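Results of the structural survey
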Amino acid sequence: RLYTAVTVERESLRSVDVVLAKYEFVAQYGRRWGAKRVVVNYNWTDSQRFAPATQQLPEVPPVIIVVNRHVPAKDPSPINEAVASLEARLVLVGDGPLHGRLIELVNRLGVGSKVELLPSVDNRRMHELYREASVYASVNQYGGISKGTLEAMACGLPIVCSKPLWETAPEQLD
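Notes on the structure in this doc start here.

Parameters and conventions
- Residues numbered from 1 in each chain as written.
- Predicted model: local features only at pLDDT ≥ 70, side-chain atom pairs only at ≥ 80, totals over all residues.
- Heavy atoms only, no water.
- Helix = DSSP H or I, 4+ residues; strand = E, 2+ residues; numbered from the N terminus.
- Buried < 20%, exposed > 50% of the residue type's maximum accessible area, 1.4 Å probe, protein only.
- Contact = heavy atoms within 4.5 Å.
- Areas by Shrake-Rupley, 256 points an atom, 1.4 Å probe, with all protein chains shown as cover.
- Pairing = 2+ DSSP bridges.
- Right-handed = clockwise from strand over helix to strand, strands pointing away.
- Lys, Arg positive; Asp, Glu negative; His and termini not counted.
- Salt bridge = Lys/Arg side-chain N within 4 Å of Asp/Glu carboxyl O.

**Quick word on the overall build of the protein chain**
Across its full length, the protein chain carries six helices and seven strands. The proportion of buried residues among the 174 residues of the protein chain is 39%. Long-range pairs, those at least 24 residues apart, make up 63% of the contacts in the protein chain with a sequence separation of at least 6. Accessible area of the protein chain: about 10700 Å², with a carbon and sulfur share of 56%.

**A look at the pairing of strand S4 (residues 89-93)**
Among the five residues that make up S4, four are buried, leaving the element largely enclosed by the rest of the structure. With four bridges connecting them, S4 and strand S5 (residues 115-118) associate as parallel partners. Its bridge partner lying in S5, Val 93 is registered against Leu 118. Considered for its hand, the β-α-β crossover made up of S4, helix H4 (residues 99-109) and S5 is right-handed.

**Topic: the side chain of Lys 114**
By the element assignment, Lys 114 lies in the loop between H4 and S5. For the buried Lys 114, which has no salt bridge, the nearest side chain bearing the opposite charge is Glu 87, at an N-O separation of 5.4 Å. Ignoring anything within four residues of it in the chain, the contact list for Lys 114 reads Val 83, Ala 84, Leu 86, Ala 88, Arg 89 and Leu 90.

Structure below.
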């Protein structure tokens, strides 16, 4: 079954007119398996809406925000565990197959009063959540710069990210 999936994927890469990749590491994968043309179209954000807050928020307790899909390669469990020993609040925005396990972890750690789980947030409200936060955190084994990271940066938040498994250095644009 895996062999069939990989074979179909590689044949598809060789037969399409263009591969549109969000990150350079995905583009390299496409090139490696014979894509004729690869275009990298990086994530972007609306800098009018996603901009720093005009008023300073109180820093006590700091608010950590995490925005991502709750899948194994983006599992925010380590951040949940860290919050157990911090004087901080955690806002987890996202949903996915690990969401139920994250709820169980919050209950097991006894941090329910410090952690807010928001499976779905209207995109028109996301900039408000970033502006209410003190820092953005991301666990992402995939690499690249996620849309959430870009939005948080545009809002002026400090960013704490894990190092992706296969990247030797962060992907940067000049």
